[in-house]
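Listed below, chain by chain, are the residues.
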Amino acid sequence: QVQLVESGGGLVQPGGSLRLSCTASGRLFSNYAMGWYRQAPGKQRDLVADITSSGSTDYADSVKGRFTISRDNAKNTVYLQMNKMKPEDTAVYYCNVRNYYNSNSYTNYWGQGTQVTVSS
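Computed from a predicted structure; not experimentally measured.

Examining the nonpolar core
Among the nonpolar cores identified, the biggest contains 30 residues, and Trp 36, Leu 80, Met 82 and Tyr 93 are the most heavily contacted of them. Of all elements in the fold, only β1 (2-7), β3 (18-26), β4 (32-39), β5 (46-51), β7 (67-72), β8 (77-82), β9 (91-100) and β11 (114-118) reach the threshold of two or more residues within this core. Contacts of Leu 80, omitting those with residues within four sequence positions, involve Leu 18, Arg 19, Leu 20, Trp 36, Val 48, Ala 49, Phe 67, Thr 68, Ile 69 and Tyr 93.

Some thoughts on the state of the cysteines
This structure, assessed with the given rule, holds 1 disulfide. There is a disulfide in this structure between Cys 22 and Cys 95, and the S-S distance comes to 2.1 Å. Handedness here is read from the sign of the S-S torsion; for Cys 22 and Cys 95, about -85 degrees, the answer is left-handed. Taken together, the residues span a long stretch of sequence, with Cys 22 in strand β3 and Cys 95 in strand β9 at a distance of 73 residues. For the pair formed by Cys 22 and Cys 95, the shared burial category is buried.

Reading guide: rules and limits
Residues numbered from 1 in each chain as written. Predicted model: local features only at pLDDT ≥ 70, side-chain atom pairs only at ≥ 80, totals over all residues. Heavy atoms only, no water. Core = buried A, V, L, I, M, F, W, Y, C linked by side-chain atoms within 4.5 Å. Buried < 20%, exposed > 50% of the residue type's maximum accessible area, 1.4 Å probe, protein only. Helix = DSSP H or I, 4+ residues; strand = E, 2+ residues; numbered from the N terminus. Contact = heavy atoms within 4.5 Å. Disulfide = S-S within 2.5 Å.

See the structure below:
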């Protein structure tokens, strides 16, 4: 089992910044990807950004150039730096870990979610 603890959500004005953190603990294999998803009311949960064990990243088009994902492997922690935030970034943000037990198969884990609200 893997446990995820998120922090850093809150209220921010348009144009402002927030930083989310998520620390994983438990039975992590040597290869695990970490990422952030978000879900706005009435909408599906969508990928925001993802980072592999080797550091390769992927971003939703809507956040490219504004958000940056990074990870500290020594701390099993992933960060999401969110800049130039917009009201449409308002959502519950969920941390995700894909824990690979072989090259093609993994188990998915989710954090409890943290609310991010962008409003003046």
